[in-house]
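# Remarks on the overall topology
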Amino acid sequence: MVKCDIACPCAFQNELAEEDAKELIANGVKYVAEVSNMGCQPGAIAAFQAAKIPFGPGKAVNAGGVATSGLEICQNAGHINWTAEEVDVKLHKIMNDIYDMCVKYGKQADGSINYVKGANIAGFMRVANAMLAQGII
């Protein structure tokens, strides 16, 4: 048995199965953050959620890399250069906004946060609002 506070599945898709999640829970994991795309199988996610372990899905947790690429594209397109500190401030805002949206849309009746639900609804709302703004719907 290996004690664990934070688990970050990060190698490849579906690397963490339900039995792995149960072992992590038995070993005292307090938080799980998917830092790869879909690193956990659905049974593992369900096990973490049933145990009330905060589980951050890859689409939210892993967004920092995508956001940083987007910031680089903005700099290149605008022929501008931001300092590392400026990029860090922008990235922190983006990640904090993602967290806030996960909380807003993922808050459960018992006060817990379902970050998977929150991230899914936040993503849907973003697309829906963009479509409305463009006059598509």
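Attention here is on the structure that accompanies the text. (Residues numbered from 1 in each chain as written. Predicted model: local features only at pLDDT ≥ 70, side-chain atom pairs only at ≥ 80, totals over all residues. Heavy atoms only, no water.)

## Overview of the packing of aromatic side chains
For clarity, the cut-off: Centres within 6.5 Å are what make two rings of Phe, Tyr or Trp a pair, Trp counting through its six-membered ring; a difference in plane orientation under 30 degrees is then read as stacked, over 60 as edge-to-face, and the rest as tilted. A 1.4 Å probe rolled over the protein chains alone gives each residue an accessible area, and that area as a share of the maximum for its type sets the label: buried under 20%, exposed over 50%, partly exposed in between. By definition here, charges over rings are those cases where NZ of Lys or CZ of Arg is within 6 Å of the ring centre and within 35 degrees of the ring normal.
Per the counting criterion, the structure on display carries two aromatic pairs. Where phenylalanine 48 meets phenylalanine 55, the ring centres are 6.0 Å apart and the plane angle is 10°; that geometry is what we call stacked. For the residue pair phenylalanine 48 and phenylalanine 55, the accessibility class agrees, reading buried in each case. Positioned above the aromatic ring of tryptophan 82 is the side chain of lysine 90, whose terminal nitrogen or guanidinium carbon lies 4.5 Å from the ring centre.

## Focus: the layout of surface pockets
Basically, it comes down to this: Of the two site types, the cavity is a set of points on a 1 Å grid over the protein atoms alone where a 1.4 Å probe fits but cannot get out, and the pocket is an open set with protein on both sides within 12 Å along at least five of seven lines, each lined by residues with an atom within 4 Å of a point. Grid points are joined across faces, edges and corners, and a volume is the space filled by probe spheres set on the points. Strands here mean DSSP runs of E at least two residues long; helices mean DSSP runs of H or I at least four residues long; both are numbered from the N terminus. Side-chain classes follow a simple rule in which Ala, Val, Leu, Ile, Met, Phe, Trp, Tyr, Cys and Pro form the nonpolar group, Asp, Glu, Lys and Arg form the charged group, and the remainder, Gly included, forms the polar group.
The space that makes up the largest pocket amounts to roughly 400 Å³. Looking at the lining of the largest pocket, the elements that each hand over two or more residues are helix H3 (58-61), helix H5 (84-106) and helix H6 (115-133). Taken together, the residues of the lining of the largest pocket break down into 10 nonpolar, two polar and three charged. Forming the walls of the second largest pocket are 15 residues, and the residues nearest its centre are Ala33, Gly56, Val61, Tyr99 and Tyr115. Among the elements of the structure, strand E2 (31-33), strand E3 (55-56), H3 and H5 are those that each provide at least two residues to the lining of the second largest pocket. At four residues, the largest contribution of residues to the lining of the second largest pocket is made by H5. When its residues are assigned to classes, the lining of the second largest pocket shows 14 nonpolar, one polar and no charged.

## A short note on the state of the cysteines
Where we set the bar: Put simply, a disulfide is two cysteine sulfurs that come within 2.5 Å.
Across all of its chains, the model carries zero disulfides by this definition. Note on cysteine 8: no disulfide assigned, nearest cysteine sulfur contributed by cysteine 10 at a separation of 7.1 Å. On the basis of relative accessible area, cysteine 8 is assigned to the partly exposed category, the value being 39%. Free of any disulfide, cysteine 102 has its nearest neighbouring cysteine sulfur in cysteine 40, separated by 15 Å.

## So, the environment of histidine 92
Summarising the element assignment, histidine 92 is placed in helix H5. Overall, histidine 92 belongs to the partly exposed group, its relative accessible area being 45%. Residues histidine 92 and glycine 64, spaced 28 residues apart in sequence, show a C-alpha to C-alpha distance of 8.7 Å.

## Brief notes about the environment of aspartate 97
Spelled out, the test is: Between N or O atoms, a polar contact is any pair within 3.5 Å; within protein, one atom must be a potential hydrogen donor and the other a potential acceptor, and residues adjacent in sequence are included only when both atoms are from side chains.
Within the secondary structure, aspartate 97 is located in helix H5. The partly exposed category is assigned to aspartate 97, whose relative accessible area is 34%. Considering only alpha carbons, one finds aspartate 97 and threonine 83, 14 residues apart in sequence, at a separation of 21 Å. One polar contact links aspartate 97 to lysine 93, side chain to side chain, over a distance of 2.8 Å.

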